Each structure stands twice: as structure tokens, then as C-alpha cells.
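Observations on the model geometry
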Amino acid sequence: MRAFIVLLKKEFLQIRRNSFLPRLIILFPIVIMLVMPLVMTMDVRNVNVAVVDLDRSTTSRRILSHIGASEYFTLVYTTEDFHRAMDRLEKGTADVIVQIPENFERRMETDFPEPVQITANAVNATKGSMGMQYLVQSIARTLSELRDEKHPVVTSELITVQNRFNPTLNYRHYMIPALMIMLFLLICGFIPALSIVGEKECGTIEQINVTPVGRMTFTLAKLIPYWMIGLFVLTVAMLVARLVYGLVPAGSIATIYLGSMLFVLTISGFSLTVANFSDTMQQTMFVMFFFVMIFMLMSGLLTPIDSMPEWAQNLTLVLPPRYFVEILRAVYLKGTTLAELGVSFVALGIFAVLFNTLAAVTYKKQA
Amino acid sequence: MEAIEVYHISKRFGSVQALDSVSFTVRPGELFGLIGPDGAGKTTLFRLLTTLLTPDSGSAKVDGYDIVRDYLAIRSHVGYMPGRFSLYPDLTVEENLDFFAALFGVTVEESYDLVAPVYKQIEPFRKRRAGKLSGGMKQKLALSCALIHRPHVLFLDEPTTGVDAVSRSEFWDMLAGLKQRGITILVSTPYMDEASRCDRIALCNEGRILGIDTPEDIVHRFEERLYAIRADQMFPLLAQARQVEGVMECYPFGETHHLVADSRFDVGNFVQQLSGLDGLTIRPVEPTIEDVFIKWMKR
């Protein structure tokens, strides 16, 4: 027990003496939480619209003014020649062209209305499709307004949309839990592995190995500081989320911490396994990077798992972060309870046991 | 019971046979030297005896414990100082010593009398980080840490490599002091001149032990006549001397060449044959451990 406490003390002493680690631990979560939510957004804004108005009627002007007034669009160009508008699209000064056909207003009343044509630059697929959707909505609203003014019949809305759990469809709220997970991956994934391989590189692990200290004791003393740091970082991140973005977890904080502890356990077990197989920090770095990449891109952190191909969806079942992404988002945004997330918690628990067993088995004191 | 018993131990790394059926014993309280060049297998042997490696075949006992079966017991009874400085460079001298004491479940006070002769020399720098110590001081700290749990057997892997001549001599004095206290010491060194400070030495090369004896007796095993020769031009001398009848070996040895002669060798004849070389001198010399090593290595 005394050896364990001494090892633990030594680990903290080393972290404190390190010229870089303490700063990283404090600054990293703050910077990530302050900067990333502002830049990582799927909301499409500033779509440049060119309008080809062949109708020049009240209706077309009404459509134009609505587009101009929207915060999503900037009306950059109005013309009567489609080819000119197309030029703009090709040069990139316009993202979308809206063409209002001749006699649009007049034929609207007839049985054969000429449709409004929307042409979008879809190189940036998200911007193209989202921009198009917004435009369709905007024009449809204008047209139904006009129709209502002419024939004021009491109609009920055919479709109403309500975004539950994230009412303003705020992408930030969706991303903040994901960012917290990235912090875990980096702090509890990379640093313990690097710290162990660092001891291999400077030979100190050899010196420890000839003492009667057991491998479990040594490994635990190596991990516990990073578990504590991981939870500290989570706390800082949650505070920033609350103070800066006003995002308060809808569910219980205890559930969040429980999930986090399981996840930290899993990731550090994984990181230990990688460390056991590497001899240099460089190797560790690259192997960890490879896996963290997969974790970040395939665990539903950035893109929904449901939209992946089926084989990829099956693959995500063996990625532990997938379950934690589910847990953290559900608790944070929906207020889901521990009982409802039972399956994910059990899965995460299994991974925690699996990876730590693997780490223990692959750790060799003798070669 | 011997302090260290090694029976036909072998270890292979890929295509390299690091140790090839090595056997020897070290008596309790003995200062035993493993003398050999780089690649002789000295470090592998240390790593086996300190339970960091397991042998491919053969067995060994340290302090009566089997290195495979009783590896845990060995770890609390031996001290190991690897060839490379491997203490925590970001901890201070004092912290390193306290740390290793705690890992062995002892306190610095309990072992102070044993460590003191070594540790006293670096105690004024106890607040300095280990990484900032000079080479000789690092080595003294490493020895202090290896001694902190009062080991019965001490393994020192090339402790004097890269250390200046004065510190080297001091270090061997310290080892003599530890021997007085009954600690068995197995030390390796590539320096033949340090061999004379050991009770017994084993000359080793390419994974094999060439011979074991006391430093005095080992040179007596060199029965041939030995001469030191020099001339103004040393390289032609080497080539020509090897042609002379009765010359078994001739090899560079410091500022001279050493010449091993058999019964047919005649000094007068030799001088006459090499009269073309300016400044030729030849004189009989006593063999050194290095001469024995070269002879055995070529066998």
C-alpha cells in the first residue's frame, strides 16, 4: 500500500514538474470548449443567391424581398438572363440561382402553373442541400402568404414541425457533448500511453521492474492520476458549457459522471494496451492517432451513425465511444435516465473490463 | 550455498545467440567481474539474473532462489544498476532515493549506514534534479538506489563506462567497501585494467565464457613468451613481424605491438630479419589480462 501511495505521489510530482502537461490540462478543455462550438457548425448561413426574375410581378418582388430579408441568404445579383446568373455560380460568387419564369404570377391562378426553378452549386453538399431546402421553405411560405391574402379562407396548417430536445435545432448543443468526448479521448487516451512509453524510453520501467512492486500497482498508479484529470476536465467543460452556452444537462449529473468514469476506464485500458505494444513514443503516437481518428469519425461523434452504410453501422458496435456518445447526448439533451440507457452502460462496462484485461494480459514484466 | 549459480544458460534474440550455454558460480561475499567487449552478452546475463528476462534453456539461482520460479523473492534481495542511467531525471536526488526505498518497503534511515559511504558524496546536491547531475554523480546516486534495500547480491552492469579515470578508481574503492560488508557483487566492465580489482573474473566473448580465474592466476595461464616490440613505423613492423619464424601472434597493444613467441623464436634472428626498420626495439614483457583475452578469443 505504501508503494502504491509513493508511486501515485511520484506520478503527480512528475506531472507538476512537466513544463507542458499542467498547462495542457487547464488550457486544452477551455480552448476546445470556447472555440470549437463557434466554428463547428452545420447551420448554413450566408448563402449567396442570384435571382433570374423573368416575371417582374408583385409576386416575384415579394419572393425577392423575403429572400433578401432572411438571415440565411444574401441577395447578390438580380438579372433577367439565366446565363449571366450561371456565370456567377461558376465563378463562385453565387451559391444558388432562383429563376422565376415569365408570367409566373398570372399562371399561378391557372391549373398549369410554371414552377420556380432552383439551381444550386452542390460541391459543398451540405451547403447546397441545406441552402436549397431553406429556399424552398422560404418561397413556399411567400406563396402561401400571397394565397391567403387573396383567398382568406380559414385553413389549418397541414404540417407543423416541432424539434424536441433541441428546440432551436442548435447545432452547438449537439456538438458540445461530442467535444467533451474528444477531450476524454485526447487526455485519457494519449497521455497515459505516452507516459508509460516514456518510462520505457528512459529505462526507468526496468528499474521499477526489479523491485517487488507488482504490475497492477504500477499500472494503477499510472492511471489513477489521469482518471482524476479526465473527470476534472469534464467538470471544467461542463461549467464552460453552462456559463458560455447556457447548456445545462437535462438529465442527472450523476449519470453523466458514471458514464464518464466507465468511458475513461475503457479508454485508458485501451491506451495501456497500445503502450504495451510500443517501444517508442512515436509508435504510440501514431497507433493512438489511428484509432482516435476512427473513434472520432465512426462513433457518431460528428455524423449520425444511422446514415452510415450498414456494414459501418455494424462496425460501430465494437467502438466503445459509440456508446458513450449515445449516453452523453441522451442525458445532456433529452434527460434520459440511467435505466433507459441500460444497454449502453452495460456495453461500455463490458468494454472497460475487456480492454483492461487485455492491458493486464499483454503487460510483460519479463520477456 | 553459492550466491550466484548459473548452469548452461542460453538466450537467443532472433538470429543472435546472446548467451551460449554459460555456466559459473559466484561465492558469497565475492567481487566477481565479467570482462568482455560489447556484444559479449554481459547485459543479457544481468537481465536474466535480475529476472527481467527468462532463459531459453539452462537454469540459474541467485541467493538460493531460482530465477524463473522465485523471481519475486529475487527482486527483494538483489540490487541492480543498469548500464544506462535509469532513475527519474525530473525527481531530485533525495526524491529518487526515497522513492526506491518506499518501493522496497524500507526507509532511507534504516539503510543509511550502508548507503552513506556512497550517498554522502552527493548529499550536498540532494535538492538537485537527477537529470542535472554530472556523470559520476549520477552513477553514485544509481548505486545508492540499488543499495537502499540492503541487497544480498548487487548487479552492476558496466558501472564505470563513460566515467572519468578518477571517478572510476573511486567507484572501485566503494565496491571494495561494500564487499567488506558481505555483499556479493557481480560487475561487468569492458576495461581490462579494472579486472585486477575483482576477486575472480570471467572473460567472455560472443555469448561464451572463455575462462574463469583470479586476476593473478589468469595471467599465469599465459605460458608462451611475450615481447613488446616497437619501431618508428609501426604498421610495416606488424606485417613483417608476423612473417618471422616462431611468431605465433602479433597484435597492436597500446603504443607497442605484442608478440607471442613459441620455442623456435630467437630474438637475435628477429632483429636481424627486421633490420630494415628504423628504431626497432624488442623486450620481454609480463602478460596482462588483455593478452590472455586475445589468446583465448582466437582459440
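Nothing here was measured: the structure is a model prediction, and the numbers come from that model. Counting from 1, residues in each chain are numbered in the order their sequence is written. Each chain takes a letter, starting from A, and each ligand takes a number, starting from 1, following the order in which they are written. Given that this is a predicted model, residues contribute local features only at a pLDDT of at least 70 and side-chain atom pairs are listed and counted only at 80 or more, while totals for whole chains, interfaces and linings are drawn from all residues. In computing side-chain properties, one takes all heavy atoms of the structure into account and sets aside hydrogens as well as water.

**Focus: the overall build of chain A**
Summing up its helical and strand segments, chain A has 14 helices and four strands in all. The dimensions of chain A, computed from C-alpha atoms along their principal axes, are 95 × 45 × 40 Å. In this scheme, a residue with accessible area under 20% of its type's maximum is buried, one over 50% is exposed, and one in between is partly exposed, where area comes from a 1.4 Å probe on protein chains only. Every one of the 367 residues in chain A was classed for burial, and the buried ones make up 48%. Computed with a 1.4 Å probe, the accessible areas rest on the Shrake-Rupley method; for each residue, only the protein chains presented here act as cover. As presented, chain A carries roughly 19,000 Å² of accessible surface, and 64% of it is formed by carbon and sulfur atoms. For the purposes of this entry, the term helix denotes a DSSP run of H or I that reaches at least four residues, the term strand denotes a run of E that reaches at least two, and both are numbered from the N terminus.

**Brief notes about the pattern of salt bridges**
For side chains bearing opposite charge, pairing can occur when the charged atoms are close. Just to be clear on terms, a salt bridge is a Lys or Arg side-chain nitrogen sitting within 4 Å of an Asp or Glu carboxyl oxygen. Overall, the coordinates contain 29 salt bridges over all chains when judged by the stated rule. A salt bridge links Arg200(B) to Glu30(B); the nearest nitrogen and oxygen atoms lie 2.5 Å apart. In this pair, Arg200(B) sits in strand 9 (residues 200–205) while Glu30(B) sits in the loop between strand 2 (16–26) and strand 3 (31–35), placing the two residues 170 residues apart along the sequence. Judged on exposure class, the residue Arg200(B) and its partner Glu30(B) are both buried. Among the salt bridges present, the one from Glu224(B) reaches Lys295(B), with a minimum N-O distance of 3.3 Å. With a gap of 71 residues between them, Glu224(B) in the loop between helix 7 (215–220) and strand 11 (225–230) and Lys295(B) in helix 10 (residues 289–298) connect regions that are remote in the sequence. A residue is classified by how much of its surface remains accessible, and Lys295(B), at 26% relative accessible area, is partly exposed. Salt bridges sharing common partners tie together Lys10(A), Glu11(A), Glu199(A) and Lys222(A).

**Some words on the interface of chain B and chain A**
Residues count as neighbours in contact if any of their non-hydrogen atoms are within 4.5 Å of one another. Of the residues lining the interface, 32 residues belong to chain B; the matching set on chain A comes to 24 residues. In total, chain B and chain A occlude about 2,600 Å² of area from one another, counting both sides; carbon and sulfur atoms represent 57% of this. For chain B, the biggest contributors to the area lost against chain A are Arg75(B), Tyr88(B) and Leu103(B); these three give 24% of the whole. For the interface between chain B and chain A, the tally reads two salt bridges. Throughout, the accessible surface (probe 1.4 Å) given up by two parts as they are put together, summed over both, is called the buried area.

**Remarks on empty space enclosed by the protein**
For each structure, a 1 Å grid was placed over the protein atoms alone; sets of points admitting a 1.4 Å probe that cannot get out are labelled cavities, open sets with protein on both sides within 12 Å along at least five of seven lines are labelled pockets, and lining residues have an atom within 4 Å of a point. Grid points are joined across faces, edges and corners, and a volume is the space filled by probe spheres set on the points. If you walk through the whole model with that rule in mind, you get two cavities of 30 Å³ or more. Considering only enclosed or pocket space, the largest cavity measures out at about 70 Å³ in volume. Contributing to the lining of the largest cavity are Gln207(A), Val210(A), Thr211(A), Gly79(B), Tyr80(B), Leu87(B), Phe100(B), Phe104(B), Ala142(B), Cys145(B), Ala146(B) and His149(B). When contributions to the lining of the largest cavity are tallied by element, the ones reaching two or more residues are strand 6 (78–81) and helix 5 (135–147) of chain B. A per-element tally of the lining of the largest cavity places helix 5 of chain B first, with three residues. The space that makes up the second largest cavity amounts to roughly 50 Å³. Lining the second largest cavity are Leu19(B), Val22(B), Leu34(B), Ala40(B), Gly41(B), Lys42(B), Leu45(B), Cys204(B), Gly207(B), Arg208(B) and Ile209(B). Looking at the lining of the second largest cavity, the elements that each hand over two or more residues are strand 2, helix 1 (42–49) and strand 10 (208–213) of chain B.

Function-wise, these values are silent; they only describe arrangement.
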